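Observations on the three-dimensional arrangement
Listed here are the chains, written in short residue letters.
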Amino acid sequence: MLEIKNLHASLEEEGKEILKGLTLTVEAGKVHAIMGPNGSGKSTLSYVLAGRGGYEVTDGSATLLGQDILGMEPEERAAAGVFLAFQYPVEIPGVGNMTFLRTAVNAQRKARGEEEMDAATFLKVVREKAKELNIDAEMLKRPVNMGFSGGEKKRNEILQMAMLEPRVCILDETDSGLDVDAMKLVADGVNAMRSPDRGFLVITHYQRLLDHIVPDVVHIMVDGRIIKTGGPELALEVEKNGYADLIGEAA
Amino acid sequence: MALPQAKLTATEVRLAALCLPSAPGWTRLAREAALARVRAMGMPGRRDEYWRFTDPADFVSAEPVPATHHARQKIPVFDGMDRVKLVFVDGVFDATASDDPALAGVEITRLAEAQGQDIHWAADLYGTLEARGQEPVDRPLAALNTAFATDGFLIRATGRAEKPVNLIYRHESDTSDAILHHVIKIEPGADLTVLENGPSAARFNKVMEVEIADGGAFHHVRVQGRDHDRRAATHIFARLGRESAFKSFTMTANGALTRNECVIELTGDDGVAHVAGACVGDGADFHHDDTVFVTHDAERCESRQVFKKVLKNGATGVFQGKILVQPGAQKTDGYQISQSLLLDGDSQFLAKPELEIYADDVACSHGSTSGAIDETALFYLRSRGVPRAEAVDMMVLSFIAEAVEEIESEEIREEIVERLAQWLARHRG
């Protein structure tokens, strides 16, 4: 479903290459995890896929359901089905969480030529999904992410994901800054969205998130490339021995 | 001290184009005193300390620069609200377009009709707060207004007004030059909201004097917009008594030249004064200036100045704001923020924040920033599917929010946000 082939990307300003020929395929219905040491380019990969400015793709391709996404604007990628859960969700004062969410849902529908969701239906759906994530009405009313705790911000990301129903979900260090209970709540939200027509790319530094969101495939990313791919057991190996052995093995 | 020749000439040219009303009644003395102030101060010039960022030439010329009346039909702001409408067309009162000025707890009288009547409270106030506001900074356009105002309203609230008074300023003539002067008195414990909207005139000079007695509350929401060529110099002079409240918010869109001055004196303990403004300007023909002076002369008063400016395509924004804390005004809580969001490299924001404090137990803070759209936040919105143009509008509304939140009425706040959103949608790119 999401096919990344020989992807090379550099920081626009410094010209420094971060992704150095990354190849990866996420099949529909599967959860892929990417683990790697700091600075290996994991977050860059998520930004390049979602379309953040400041990066230049110098080679390779990324397609979603056969469609080239690298030439698209971020909003077009979103409408095509890409969703990035941010490591640091942004606070936006003065814009209501609900207003934002409804604007986003309907903008995507419009872009896809679908009918917009009316206010009553939207309210009903958002309330249901918010309840599952333990997000109360007060949080929905507040400005986007304003005054939210770390856990609330991450749950809000999952709520957006649940409302937007993307085809591929990229989770960037979703466990960072969360205690075990908060992580479990987020993981439950993610697991509830697993479905045969949706793929996941879970980026994480630690194995602990993968106890809760059990991956089908684990990739080890080092210096802008995937150096090893395996099953969930690979994550346990990293947890036990660190990245050093794997890096040595690949070299 | 004698005025420089250039100033003297400019003043004579301006005065020659005006005449005092033939039957000024009880306003005569105030008008003559104001005229003497004008002659002593002279018209403002580019070299004056508080006119360095804004050229006053179009305010002091004998004739106004013509301003095309923008005929686009749309529903005026505040139209859906239950309020008492008082309508001026090019500065001339239009009784047929206005509501009957009968409102429980509020006395409303036209200045032009009141001059022959004996209205003590207004006689004590007319020109008085304006005169006080001339220290330590000259405001000659306000003195000119007191001397030559053709009309205005005298509004006295003695109780809690059940609905707002809405002063509407329509603009029809391309060459209108209007001078209006309102005097408002809020008696102890009374509460009044005044709304103002409309492009007014080709050139508009307006003064509003507001005296708020102990425990009184005055709310003011103003929308200045529509006509691109219009020029306006407005002054609010407010004096607050003990435990009283003054809250003013102004939204400005369009206008070749706008100078809004607000001079507030906190004279009773525990008073609260908030003055806020948001302006959106598109094009090099937009110049907007907020000049604010808040004096704390009592204990435990709170003042807030919150000004936000969104500028693009060569627009200019100016903020000059001062907090003066007099000796003995202990436990003063003063806050001032002025920020601009520059949507391109051509626009500019000029700010002069000032604090002057003569008491030792006070908390005053001020800040001024100028910046572009936060690219990270913009990416966040777009990554959820919001198209770039809409995402920029959302960021602009987010930027302005702190100022808009100063409006207490949720109904009015929502209407202002809606109007801003519509303006932004019309001015994309």
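Here is what the cut-offs are and how they apply
- Residues numbered from 1 in each chain as written.
- Chains lettered and ligands numbered in written order.
- Predicted model: local features only at pLDDT ≥ 70, side-chain atom pairs only at ≥ 80, totals over all residues.
- Heavy atoms only, no water.
- UniProt positions renumbered as here; feature names shortened; annotations may be inferred.
- Helix = DSSP H or I, 4+ residues; strand = E, 2+ residues; numbered from the N terminus.
- Pairing = 2+ DSSP bridges.
- Axes fitted to C-alpha atoms, helices over the stretch in contact; angles between N-to-C directions.
- Contact = heavy atoms within 4.5 Å.
- Patch = residues over 30% accessible without salt bridge, like charges linked within 9 Å, V, L, I, M, F, W, Y side chains within 5 Å.
- Areas by Shrake-Rupley, 256 points an atom, 1.4 Å probe, with all protein chains shown as cover.
- Salt bridge = Lys/Arg side-chain N within 4 Å of Asp/Glu carboxyl O.
- Lys, Arg positive; Asp, Glu negative; His and termini not counted.
- Charge placed at Lys NZ, Arg CZ, Asp CG, Glu CD.
- Buried < 20%, exposed > 50% of the residue type's maximum accessible area, 1.4 Å probe, protein only.
- Buried area = accessible area lost by both parts, 1.4 Å probe.
- Polar contact = N/O pair within 3.5 Å; in protein donor to acceptor, adjacent residues only side chain to side chain.
- Nonpolar A, V, L, I, M, F, W, Y, C, P; charged D, E, K, R; others polar.
- Phe/Tyr/Trp six-rings, centres within 6.5 Å; stacked < 30°, edge-to-face > 60°.
- Lys NZ or Arg CZ within 6 Å of the ring centre and 35° of its normal.
- Expected span 1.5 Å × (residues − 1).
- Bend = angle between axes of the 7 residues up to and from the residue.
- Parallel < 35°, antiparallel > 145°, perpendicular 65-115°, else oblique.
- Left-handed = near helix turned anticlockwise from the far one by under 90°.

1. A closer look at the UniProt feature "domain: ABC transporter" (unreviewed entry) in chain A
- As annotated in UniProt, the feature "domain: ABC transporter" (unreviewed entry) corresponds to residues 2–248 of chain A in the numbering used here.
- Along residues 2–248 of chain A, the helical share is 40% and the strand share 29%, with 29 Å between the first and last C-alpha atoms.

2. Regarding the sheet that holds strand β12 (residues 225–230) of chain A
All names here are of chain A.
- In spatial order, the strands read β6-β9-β10-β3-β11-β12; together these six strands make up an open sheet with mixed pairing. Each end of this open sheet is capped by a strand with a single partner; those strands are β6 (82–85) and β12. Here the average twist between neighbouring strands, direction ignored, is 20 degrees.
- The sheet contact formed by strand β9 (residues 168–172) and strand β10 (residues 199–204) spans five bridges and is parallel. Bridged to Val168 within β10 is Gly199.
- Contacting β6, β9 and β10, helix α6 (residues 150–164) crosses the sheet at an angle of about 170 degrees to β6.

3. Quick notes on a negative patch on the surface
All names here are of chain A.
- A cluster of acidic residues, Glu12, Glu13, Glu14 and Glu56, forms a negative patch on the protein surface.
- Structurally, Glu13 is set in the loop between β1 (2–11) and β2 (17–26).
- Glu13 sits in the exposed class, given a relative accessible area of 81%.

4. Observations regarding the interface of chain B and chain A
- Contact with chain B, which involves 17 residues of that partner, is made by 30 residues of chain A.
- The junction of chain B with chain A conceals about 1900 Å² of combined surface from both sides, 68% of it contributed by carbon and sulfur atoms.
- When the buried surface of chain B facing chain A is broken down by residue, Phe379(B), Tyr380(B) and Arg384(B) rank first, second and third, together holding 42% of it.
- Counting every contact that joins chain B to chain A gives three salt bridges.
- Inspection of the region where chain B meets chain A yields 12 residue pairs in polar contact (both at pLDDT 80 or more).
- Listing elements by their share of the side of chain B that touches chain A, those giving two or more residues are α8 (375–383) and α9 (388–404) of chain B.
- Looking at which element gives the most residues to the side of chain B that touches chain A, the answer is α8(B), with seven residues.
- Tallied by class, the residues present in the side of chain B that touches chain A amount to eight nonpolar, four polar and five charged.

5. Examining the sheet that holds strand β18 (residues 348–357) of chain B
All names here are of chain B.
- The strand order β3-β4-β6-β8-β10-β12-β14-β16-β18 describes an open sheet built from nine strands, whose pairing is mixed. Strand pairing shows two members of the sheet lacking a second neighbour, β3 (106–110) and β18, which therefore form its edges. In this sheet, neighbouring strand axes are inclined to one another by 10 degrees on average, regardless of whether the strands run parallel or antiparallel.
- Its contacts with the sheet put helix α7 (residues 140–148) on β6 (177–186), β8 (203–212) and β10 (231–240), and the angle it makes with β8 is roughly 85 degrees.

6. Quick notes on the pattern of salt bridges
Residues and elements named next belong to chain B.
- Counted under the stated rule, the structure contains 47 salt bridges over all chains.
- For the salt bridge of Arg231 with Asp58, the shortest nitrogen-to-oxygen distance reads 2.8 Å. Of this pair, Arg231 sits in strand β10 while Asp58 sits in helix α3 (residues 57–60), and the two are 173 residues apart along the sequence.
- Classification of Asp58 as partly exposed rests on a relative accessible area of 25%.
- Two residues, Asp99 and Lys85, come together in a salt bridge whose shortest N-O distance is 3.8 Å. Of this pair, Asp99 sits in the loop between β2 (92–93) and β3 while Lys85 is found in strand β1 (residues 84–89), placing the two residues 14 residues apart along the sequence.
- According to the relative accessible area criterion, Asp99 is partly exposed, its value standing at 28%.
- On the accessibility criterion, Lys85 (21% relative accessible area) is partly exposed.
- Within this structure, Glu107, Arg156, Lys185 and Glu187 form a network of salt bridges that share partners.

7. Here's the deal with the environment of Thr234(B)
All names here are of chain B.
- Tracing the backbone through its elements, the reader meets Thr234 in strand β10.
- Since its relative accessible area comes to 1%, Thr234 is described here as buried.
- Separated by 28 residues in sequence, Thr234 and Cys262 place their C-alpha atoms 8.3 Å apart.
- With sequence-adjacent residues up to four places away left out, Thr234 is seen in contact with Lys206, Arg222, Gln224, Arg259, Asn260 and Glu261.

8. A few points about the environment of Val105(A)
Residues and elements named next belong to chain A.
- Here Val105 shows up in helix α3 (residues 97–111).
- Here the alpha-carbon distance between Val105 and Phe122, two residues 17 residues apart in the chain, equals 9.0 Å.
- What Val105 contacts, discounting residues up to four positions off in sequence, is Met117, Phe122, Met163 and Leu164.

9. Section: the packing of aromatic side chains
- Following the criterion strictly, the structure yields 14 aromatic pairs over all chains and no others.
- Both rings, one in Phe88(B) and one in Phe153(B), keep their centres 5.7 Å apart while their planes meet at 75 degrees; by these two values the pair is edge-to-face. Linking Phe88(B) in strand β1 with Phe153(B) in strand β4 (residues 153–157), this pair joins segments that are 65 residues apart in sequence. In this structure, Phe88(B) and Phe153(B) share a single accessibility class: buried.
- Feature note: the residues Tyr47(A), Tyr55(A), Phe86(A), Phe100(A), Phe379(B) and Tyr380(B) constitute an aromatic cluster, connected by ring pairs.
- The aromatic ring of Phe399(B) is capped on one face by Lys308(B), whose charged end is 4.9 Å from the ring centroid.

10. Observations concerning the UniProt feature "domain: SUF system FeS cluster assembly SufBD core" (unreviewed entry) in chain B
- As recorded in UniProt, the feature "domain: SUF system FeS cluster assembly SufBD core" (unreviewed entry) lies at residues 175–399 of chain B.
- This span, residues 175–399 of chain B, is 9% helix and 60% strand, and a straight line between its end C-alpha atoms measures 36 Å.

11. Brief notes about α9(B)
- In this model, α9(B) (17 residues) spans 23 Å end to end at C-alpha, consistent with the 24 Å of a helix rising 1.5 Å per residue.
- Of all the bends in α9(B), the greatest measures close to 25 degrees and is centred on Ser398(B).

12. Remarks on the packing of helix α2 (residues 28–41) of chain B against α7(B)
All names here are of chain B.
- Between α2 and α7, whose axes approach to 7 Å, the crossing angle comes to 150 degrees. In terms of their interaxial angle, α2 and α7 are classed as roughly antiparallel. Here the hand of the crossing between α2 and α7 comes out left-handed. Within the contact between the two elements, α2 uses Ala30, Arg31, Ala34, Leu35, Arg37, Val38 and Met41 and α7 uses Pro140, Ala143, Leu144, Thr146, Ala147 and Phe148.
- Residue composition of the contact of α2 with α7, grouped by class: 10 nonpolar, one polar and two charged.

13. Thoughts on the pairing of strand β15 (residues 302–312) of chain B
Residue and element names in this part refer to chain B.
- Burial within β15 is extensive, with nine of its 11 residues counted as buried.
- Bridge count for strand β13 (residues 272–282) against β15 is 11 bridges, and the pairing is parallel. Across the sheet, Gly277 pairs through a bridge with Phe307, a residue of β15.

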